[in-house]
Amino acid sequence: MTDPLDQRAGRTVPTGEQGRHGDAVSRPAHWGPYTDPDPYVNPDPRAGQGPYAAPEDSAVRERFAERPSSRYGPRRAHARQPKKRRRLRRAVLVLLAVVAVAAGGTYGWAETRLQRDVDLGAYGDRPAPGEGTNYLIVGSDSRDGLSEDDAKELHAGGGGGRRTDSMMLLHTGAHGTSMVSLPRDSWVTVPGRLDTSTGKTKWPEGDKLNAAFSYGGPELLVHTVEKNTGLRVDHYAEIGFAGFVNIVDAVGGVRMCLDRDIKDEKSGADLLQGCHTLNGKQALAYVRQRHQEKEGDLGRSRNQQKFLASLAHQAAQPDTLFDPLEIGPAVQAGLDTLIVDKSMSLSDLGRMFRAVQSIAGGHGKQLNVPVSGMGVPTPKGNVLKWDPMRSVQLFDELRHDQPVTETGNPPRP
């Protein structure tokens, strides 16, 4: 019986010349009766010569020549690689699981810290929902969280209650993001309401926009903004003095470049021309000062927009966003003093933050509501009057989520 391998090699083995496995083999004379050649360890020196040539065996040897062997025979060099990849995959999955659990815990904790106090529909009679999403962002002069010494140091004054220091409409939609400042001295019509202090009905009346906040808090302010703009406010977010200062300090300050010196006794601002990293106290003084601004309240509104965008940009930096020691205190400081509407979720808050951050990246528009007059005398003091045609066009574009054509530049004197 002839072995097929011997046939391919051109060898003929007489029948009956059996190996230990019962196969016929051809043994060289110098091999003993118990010597069985291993083709991979001690190959036949005559292999590849004359009648012992075995091309296929040579190819096999070459294929395994540089590959490590084991006690179970030859194996490929990359045999260990799948195991390494599997271990790496498992490690990555474990890491992702840990991050997911931690993020889930943080998310649950943050959800419980949101102060969902504002009822957007408290007064009813709201505009129909428009396209895109509208956020009303308010900075109040609430002293909650400040001691008397803190309030004195921050030039926050005294008195109870809270008033608005800044109001911004943030619109997000198919055509990007627009941030529109609503100056607090804007002359608007405050809707009729029940005066809770006297129990009497108040008829609609002209007044400054921030008066609506003083009369009826966030609910009346939202109602007033909706009535005067025709826009439906989808979400509301408010932060007071203490929260503002704590957030700025928690992110390590905010970089701002000033084109001139600013010194204002009322706000406490004392800043030199040039670029500076403002801490919480300096930042609060900067966004509150207006007596150094040629355009008064309009100039202050622009400063507030620039600062808010820079703050969002700083908070989104990798060394802040991915450092628990940095972003943790900032999140806590923000949530502890942030007041939002009853339907606001952390996802909504995140979308609002990303929209403000996109403004800092140049992917949006920052403007003031167009005005037709500044310092106009009224029984309620000097006010800003909105331009009736340009403001209506602006709010109409926002309501229908169309590209904003308004620049918000003030009228020429």
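What counts, and where the lines are drawn
Residues numbered from 1 in each chain as written. Predicted model: local features only at pLDDT ≥ 70, side-chain atom pairs only at ≥ 80, totals over all residues. Heavy atoms only, no water. Core = buried A, V, L, I, M, F, W, Y, C linked by side-chain atoms within 4.5 Å. Buried < 20%, exposed > 50% of the residue type's maximum accessible area, 1.4 Å probe, protein only. Helix = DSSP H or I, 4+ residues; strand = E, 2+ residues; numbered from the N terminus. Contact = heavy atoms within 4.5 Å. Pairing = 2+ DSSP bridges. Axes fitted to C-alpha atoms, helices over the stretch in contact; angles between N-to-C directions. Disulfide = S-S within 2.5 Å.

A. Molecular detail of the nonpolar core. Among the nonpolar cores identified, the biggest contains 40 residues, and L170, Y286 and F307 are the most heavily contacted of them. Considering every element that reaches this core, the biggest residue donor is helix α11 (residues 346-360), with six residues. Here F307 is in contact with F244, V248, V254, M256, L278, A283, Y286 and V287, once residues within four sequence places are set aside. Residues L120, L231, L398 and V404 belong to the second largest nonpolar core, which totals 28 residues.

B. Spotlight on the sheet that holds strand β17 (residues 364-368). Judged by pairing direction, the sheet is mixed, and its seven strands sit side by side in the order β3-β16-β11-β4-β5-β6-β17 without closing on themselves. For this open sheet the edge positions go to β3 (115-118) and β17, each flanked by a neighbour on one side alone. For this sheet, the mean angle separating the axes of adjacent strands, direction not counted, is 25°. Where strand β4 (residues 133-140) meets strand β11 (residues 235-239), five bridges bridge the pair, whose relative direction is parallel. The residue bridging I137 from the neighbouring strand is A237, located in β11. Its contacts with the sheet place helix α5 (residues 209-229) against β3, β4, β5 (164-173) and β11, and it is angled at close to 30° to β5.

C. Local environment of the state of the cysteines. Inspection of every chain in the model, using the stated rule, returns one disulfide. Disulfide pairing is shown between C257 and C275; the S-S distance is 2.0 Å. Given an S-S torsion of about 105°, the disulfide between C257 and C275 has right-handed geometry. In this pair, C257 sits in strand β12 (residues 254-258) while C275 sits in strand β15 (residues 274-278), placing the two residues 18 residues apart along the sequence. You can call C275 partly exposed: its relative accessible area is 40%.

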